Amino acid sequence: MLSARILQRIIATNATWPGGITAAAAILLPSRSPSSVPELGPTRPAGVRAMSFLPPTGPRRWPLYNEQVFPPTGADEAPRPAFVCHVKTNVKYSTKKMWYIASMIRGMSIEEALKQLQFVNKKGAQIVSEALKEAQEMAVRDHNVEFKNNLWVAESFATKGRVLKGLRRHARARPGIVHYRYTHYFVRLEEGAPPEQYYADAPLPPEEMLKRWLEQRRQRTITHSL
Amino acid sequence: MINGVRVVWGNWQRTIDRYAVIIYQAINGGGGPSPALALAAAGGVPHQRAATPPGGAPPPVADDGFLWAVPKYRRSVERRMMRRYGAESWPNGRKLIKPKNNLIFCLKCGSHYLPGMLCMTCYNRVKSETEELQKAVAQQQGLTPPDREVAIVYRGEREAIDDQQAKAVRLVELPKERPRWFSKNLMQRTTTPVATETAPVKPSDLG
C-alpha cells in the first residue's frame, strides 16, 4: 500500500507502474489514495489474540474501495467512470494456477471475458466467471452503472489464502506433506469501453514501429563533429 | 466447544510440521533435513547416531534412493519464468492461456460454440428433453417387452390421431406443451417438390 506522497511523486515523474497500466492508471492512482478509503478496523475483536487455529480473516481492504466518496468532478473535467471492486475469498484453488486465468481477462470487456472463460478448461475459469457475474450485479445495483455489459476488467489478480497441511505416505514408508491451497480472487470492473492496449509495453503496429525506428536513426549524430 | 475443535486442528497442523522432519530423521538415521528450531520444539531426534561410526563408513544401501536424484544447480529466475510463463519466441511457446478467436455464434440460441462441435446450450436442451421423453416411455412400458412402435404425443396433439392409429402404436402422452424447436415433421424428407424432369443443362457462358 503506497503512501500519498509516493503516489504523487510517481504521477509527477510520469513513471509507469510495473506491468505498465496505462488507461487504468489515471483512474487507479487517485482513487487508491489512503485518505479517501474508509478506515480499516482491527482484525479481531478486542481481547482476542491472533492464533493459527482461528479462522483466517482474509482480505478486508479491497471491498472498502467501493465505499470511497469522491468530490464532484468539475465541468471541464472528464466524468469519473463508475467502478466496483469485488473479492472472492478462500476459494479452494491454487494461486499459481489462478494467475493464468486472472491475467488472461485483464483489459477485456466483461462480455468478452465471460465468453472466453466458457472455453477455458480449468476450475478457476468457473470461479472467475462467478466472481465477474457477482461484480456485474453489484455494479448495476449499488454503483450506478446503467448497462451491465458496459463494463471492462480493469484489475484482475489472485493472492494466496490460508494453506492447510496434511500428511501422506510415499513409497518405502516415507512421509510427504500435502498442501491444501486456498486463494483469494480480486476483480475491479470499470464502466465504459475497454482500452485498446492494457499493458504499456504492448507491441505497436508495424507503421508505428517503422516510424520510431526511422526517428531513432535520424537522431544519430557524429560525436565531436562541427 | 468450537474453540476446542479449533485448538485441536491447530495442534494437528503444528504436529504435522514438526514430526515430518522427525520421521525423515528416524528412517534415515540422522540424515536428511534438520531444521534446528522444529527439532528443538519437539524435544530432539529420538535416534541419535554418531557422524562416523567406529567401524568406518557403512556401505551404501543399494535400495535406498533417497538422495540419488537431486538438483545440481539452482534454477535461475529467468529459466523459472520461461518455464512457467513461456515466451512467444521460444520453442516452447506461450504458457499463458490464449483467448480463442474462432468462436462461432449460434443463430438459434445466441450462445457461442467451437467450430466442429455442437452448440452446447442447444445440445443440452435437446438432451434434457430427450431424457424426459425416455423416462415417460420407460414408465409406461414398465417390464413388458416392446412389441409396438412408440408414438410420443404432447398436450393438444392426441386429437389429431384417430383411434385405429392409436391402437397400432404405443401412445405416450406427455402433459407438457411441445417445445417450439421440436418439429412434428421429422419423418418427411423434404417439403419442396422433387423435380420429375431432369435434363442435362449445358453451361451457356462457356461457348
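Details of the structure are given in the entry above.
The shown structure was predicted, so the numbers you read here are calculated from the model rather than taken from an experiment.

J.: Sorry if this is basic, but what is going on with the overall build of chain A here?
T.: Helix and strand counts for chain A come out as six helices and five strands. Walking chain A from its N terminus toward its C terminus, one meets helices and strands in the order α-α-β-α-α-α-β-β-β-β-α. With 226 residues in all, chain A has 37% of them scored as buried. A sequence separation of at least 24 residues applies to 70% of the contacts in chain A between residues at least 6 apart. Accessible surface, chain A: about 14,400 Å² in total, of which carbon and sulfur atoms supply 54%.

J.: How should I be thinking about the packing of aromatic side chains in this particular structure?
T.: Two aromatic rings are characterised by how far apart their centres lie and by the angle between their planes. Residue and element names in this part refer to chain A. Summed over all chains, the structure comprises 11 aromatic pairs over all chains. Centre to centre, the rings of Phe 70 and Phe 83 are 6.2 Å apart; their planes meet at 70 degrees, and the pair counts as edge-to-face. Separated by 13 residues along the polypeptide, Phe 70 in the loop between helix H2 (23–31) and strand S1 (83–91) and Phe 83 in strand S1 bring together distant segments of the chain. An angle of 10 degrees between the planes, with centres 4.8 Å apart, marks the rings of Phe 157 and Phe 186 as stacked. Taken together, the residues span a long stretch of sequence, with Phe 157 in strand S2 (residues 151–160) and Phe 186 in strand S5 (residues 183–191) at a distance of 29 residues.

J.: Please explain the pairing of S5(A) as it appears in this structure.
T.: Regular strands show a simple pattern: their side chains alternate between the two faces of the sheet. Residues and elements named next belong to chain A. The element S5 is extensively covered by neighbouring structure, given that eight of its nine residues are classed as buried. Here S1 runs beside S5; their pairing, made up of seven bridges, is antiparallel. Paired with Val 91 across the bridge in S5 is Thr 183. Summarising the sheet, S2 and S5 pair through nine bridges and their orientation is antiparallel. Bridged to Glu 155 within S5 is Arg 188.

Parameters at a glance
- Residues numbered from 1 in each chain as written.
- Chains lettered and ligands numbered in written order.
- Predicted model: local features only at pLDDT ≥ 70, side-chain atom pairs only at ≥ 80, totals over all residues.
- Heavy atoms only, no water.
- Helix = DSSP H or I, 4+ residues; strand = E, 2+ residues; numbered from the N terminus.
- Buried < 20%, exposed > 50% of the residue type's maximum accessible area, 1.4 Å probe, protein only.
- Contact = heavy atoms within 4.5 Å.
- Areas by Shrake-Rupley, 256 points an atom, 1.4 Å probe, with all protein chains shown as cover.
- Phe/Tyr/Trp six-rings, centres within 6.5 Å; stacked < 30°, edge-to-face > 60°.
- Pairing = 2+ DSSP bridges.

Taken by themselves, the reported measurements are silent on function.
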